[in-house]
Amino acid sequence: MAEVEPVPTNNEDDMQEEIPGVMTTSISAISDFLKKTKAQDIINWGRKNSLWFTVNAMGCCGVELLSTGMAHYDTDRFGIIPRNSPRHADVLIISGYVTKKYFPALKRVWDQMPSPKWVIAFGDCAISGGPFYESYSTRQNIDEVFPVDIYVPGCPPRCEALIQAFYELQQKITAKKDKGTDY
Amino acid sequence: MDAKAMIDSLSSQFPGVIYDAQVESDIRILAKVKPESVKDICQYLKEKLSFGHLCCEFGVDYPERNEIEVIYVIGSYEHPVLLTLKAILSRDDPKIGSVVPVYWNANWYERETYELFGVKYLDHPDLRPLVLPQEMLGEWPLRKDYKGFPNKTAKNLV
Ligand code: SF4
């Protein structure tokens, strides 16, 4: 709401955008206002129950990521559904080593995801580089680039660990402590 | 035809080109080859000795001998013998003929070996970058004197 001027401006540039008799505002002004109200709790309740994730299996941990999405674990009951397009997804799971060659593609997947969005670093490789931390092709310290909310250690972590990570993320969203939204 | 007969046939067909030939066991033979004629030898192996399958092709770096070895592991669908061919190149300017006209699957092996070791494959049909990102091309990261490793202290290392 900081953007809204107390005195309405009448100069030529603004006139073209305005609709007569209607007070217009920007999308972020509305969402910034809602963050201060109780409505945000309801919005967060909705968001935490539909954490759809991207299927980009990157390392050997990717196998665990894939099997988490399969019928055996039935993550649909938590609203966790694998999505093949980043444009449908809310959660990016970095599931393995990030090579220098793959990094631009991962960044692009992240940029294509619509907000609000969250990141889970899944496996030792995503956290620190794992066994490959000093390889010529590893991109180190990936959490400086992506706002990682949850770290899941293990090489590879089990599917249950990933479900636990989603649960922790839900707790974080409920507590408004996640990095996906600016509070 | 057993392993011994194969190596004899190869050595007599290409005297001076094949050297240090060894029969390691009934199913493993080993030979070194002059780099210029590796394609002719592969042609002969494939057509006359039914070595139809190039299992692998890669490089090994020996900095103290100033050599890069290009190694071909060739198997067959008709007999159990596995042949290891080694071609020794100079480390300063490694060049070797491509075997893609004989074994088509050497294409990607050679592209990878070119990027990681800098072995130039003459008359390779398509020596485009395969595995390395653009900014690392020409660094030959699998050579033993490669220095471009990231620092040893990744942030979250446990
Ligand atoms: S953490 Fe282990 S299992 Fe996961 S990608 Fe790295 S090496 Fe593979």
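Whatever comes next refers back to the structure up there.
*Asks:* Please set out the side chain of B:Ser98 residue by residue, giving values where relevant.
*Replies:* Residues and elements named next belong to chain B. Note on placement: Ser-98 falls in the loop between β6 (95-97) and α3 (106-117). Ser-98 gets classed as buried once you look at its relative accessible area, which sits at 1%. A polar side-chain atom of Ser-98 sits 3.1 Å from the main-chain amide nitrogen of Val-100. Discounting residues that sit within four places of it in the chain, Ser-98 has contacts with Lys-39, Glu-110, Tyr-121, Leu-122, Asp-123, His-124 and Pro-125.

*Asks:* Could you give me a rundown of the packing of aromatic side chains, with the residues and numbers involved?
*Replies:* One pair of aromatic rings is described through two measures. These are the centre distance and the angle between the planes. Residues and elements named next belong to chain A. In the structure shown here, the tally under the stated rule is eight aromatic pairs over all chains. The interplanar angle of 65 degrees and the centroid separation of 6.4 Å between the aromatic rings of Phe-103 and Phe-146 together place this pair among those described as edge-to-face. Within this pair, whereas Phe-103 is found in helix α5 (residues 103-112), its partner Phe-146 is found in the loop between α6 (124-128) and β5 (148-152), the two being separated by 43 residues in sequence. Exposure remark for Phe-146: the relative accessible area of 1% places this residue in the buried category. An aromatic cluster of at least three residues, connected via ring pairs, comprises Phe-103, Trp-110 and Phe-146.

*Asks:* Explain the interface of chain B and chain A residue by residue, including any values.
*Replies:* Each partner contributes to the interface: chain B provides 18 residues, whereas chain A provides 14 residues. Interface area, chain B with chain A, both sides summed: about 1400 Å², of which 57% is carbon and sulfur. Joining chain B to chain A, the criterion identifies zero salt bridges. Looking at side-chain class alone, the side of chain B that touches chain A contains 13 nonpolar, two polar and three charged residues.

*Asks:* Please give an account of the pairing of strand β4 (residues 118-122) of chain A that cites residues and values.
*Replies:* Residue and element names in this part refer to chain A. Counting buried positions along β4 yields five of five residues, so the element is predominantly enclosed. Taking every second residue as pointing to the same face, both faces of β4 are buried, with Trp-118, Ile-120 and Phe-122 on one and Val-119 and Ala-121 on the other. With α5 bridging strand β3 (residues 91-94) and its parallel neighbour β4, the resulting β-α-β unit is right-handed. By the bridge criterion, four bridges tie β4 to β5 in an arrangement that is parallel. Within β5, the residue paired with Val-119 across the bridge is Val-148.

*Asks:* Break down the side chain of A:Thr138 for me, with residues and values.
*Replies:* Tracing the chain through its elements places A:Thr138 in the loop between α6 and β5. A polar contact of 2.8 Å, which involves the side chain of A:Thr138, links it to the backbone oxygen of A:Phe132. Those residues in contact with A:Thr138 that lie beyond four places of it in its chain are A:Val98, A:Thr99, A:Lys100, A:Gly129, A:Phe132 and B:Pro150.

*Asks:* Describe in detail the packing of helix α1 (residues 3-13) of chain B against helix α2 (residues 38-48) of chain B, supporting the description with residues and values.
*Replies:* Helix packing for two helices is described by the angle between their axes and how far apart those axes are. All names here are of chain B. One can describe the packing of α1 onto α2 by two numbers: an axis separation of 12 Å at closest approach and a directional angle of 140 degrees. The orientation of α1 relative to α2 falls into the category oblique. In this structure, the crossing between α1 and α2 has a hand that is right-handed. Here Ser-9, Leu-10 and Gln-13 of α1 come into contact with α2, specifically with Ile-41, Tyr-44 and Leu-45.

*Asks:* Tell me about the sheet that holds strand β1 (residues 18-23) of chain B, and please be specific about residues and values.
*Replies:* Residue and element names in this part refer to chain B. If you walk across this open sheet you meet the five strands as β1-β2-β5-β4-β3, and the pairing is mixed. This sheet does not close on itself; its edge strands, each paired only once, are β1 and β3 (53-62). With direction set aside, neighbouring strand axes in the sheet form an average angle of 20 degrees. Across eight bridges, the pairing between strand β4 (residues 67-75) and strand β5 (residues 82-90) is antiparallel.

*Asks:* Residue-level account of the packing of helix α4 (residues 61-69) of chain A against helix α7 (residues 159-174) of chain A, with values.
*Replies:* Residue and element names in this part refer to chain A. Running from N to C, α4 and α7 cross one another at 70 degrees; their axes reach a closest spacing of 9 Å. When the axis of α4 is compared with that of α7, the two are roughly perpendicular. Between α4 and α7, the contacting residues are Glu-64, Leu-65, Ser-67 and Thr-68 on the first element and Cys-159, Leu-162 and Ile-163 on the second. Its residues assigned to classes, the contact of α4 with α7 comprises four nonpolar, two polar and one charged.

*Asks:* Give a description of α7(A) that names residues and reports values.
*Replies:* Because each turn of an α-helix spans 3.6 residues, side chains separated by three or four positions end up pointing in the same direction. Its 16 residues place the ends of α7(A) 23 Å apart at the C-alpha level, agreeing with the 22 Å of an ideal helix rising 1.5 Å per residue. A:Lys176 sits one or two residues past α7(A) and shows a positive phi near 55 degrees.

*Asks:* Please give an account of the environment of B:Ala31 that cites residues and values.
*Replies:* Residues and elements named next belong to chain B. Positionally, Ala-31 belongs in strand β2 (residues 28-33). Here Ala-31 falls in the buried class, since its relative accessible area comes to 0%. Along the backbone, Ala-31 and Ile-18 are 13 residues apart, and their C-alpha atoms lie at a distance of 6.6 Å. Excluding its chain neighbours within four sequence positions, the residues that come into contact with Ala-31 are Ile-7, Ile-18, Tyr-19, Asp-20, Ala-21, Thr-84, Leu-85 and Lys-86.

*Asks:* Quick one: what's the story with the environment of B:Leu30, residue by residue and with numbers?
*Replies:* Residue and element names in this part refer to chain B. Locating Leu-30 in the fold gives a position in strand β2. In this structure Leu-30 comes out as buried when scored by relative accessible area, which is 15%. Sequence-wise, Leu-30 and Leu-83 are 53 residues apart; in three dimensions their C-alpha atoms are separated by 5.8 Å. Non-local contacts of Leu-30, meaning those with residues more than four positions away in its chain, are made with Ile-7, Asp-20, Ala-21, Gln-22, Glu-24, Thr-84 and Lys-86.

Rules behind the numbers
Residues numbered from 1 in each chain as written. Chains lettered and ligands numbered in written order. Predicted model: local features only at pLDDT ≥ 70, side-chain atom pairs only at ≥ 80, totals over all residues. Heavy atoms only, no water. Helix = DSSP H or I, 4+ residues; strand = E, 2+ residues; numbered from the N terminus. Buried < 20%, exposed > 50% of the residue type's maximum accessible area, 1.4 Å probe, protein only. Polar contact = N/O pair within 3.5 Å; in protein donor to acceptor, adjacent residues only side chain to side chain. Contact = heavy atoms within 4.5 Å. Phe/Tyr/Trp six-rings, centres within 6.5 Å; stacked < 30°, edge-to-face > 60°. Buried area = accessible area lost by both parts, 1.4 Å probe. Salt bridge = Lys/Arg side-chain N within 4 Å of Asp/Glu carboxyl O. Nonpolar A, V, L, I, M, F, W, Y, C, P; charged D, E, K, R; others polar. Right-handed = clockwise from strand over helix to strand, strands pointing away. Pairing = 2+ DSSP bridges. Axes fitted to C-alpha atoms, helices over the stretch in contact; angles between N-to-C directions. Parallel < 35°, antiparallel > 145°, perpendicular 65-115°, else oblique. Left-handed = near helix turned anticlockwise from the far one by under 90°. Expected span 1.5 Å × (residues − 1).

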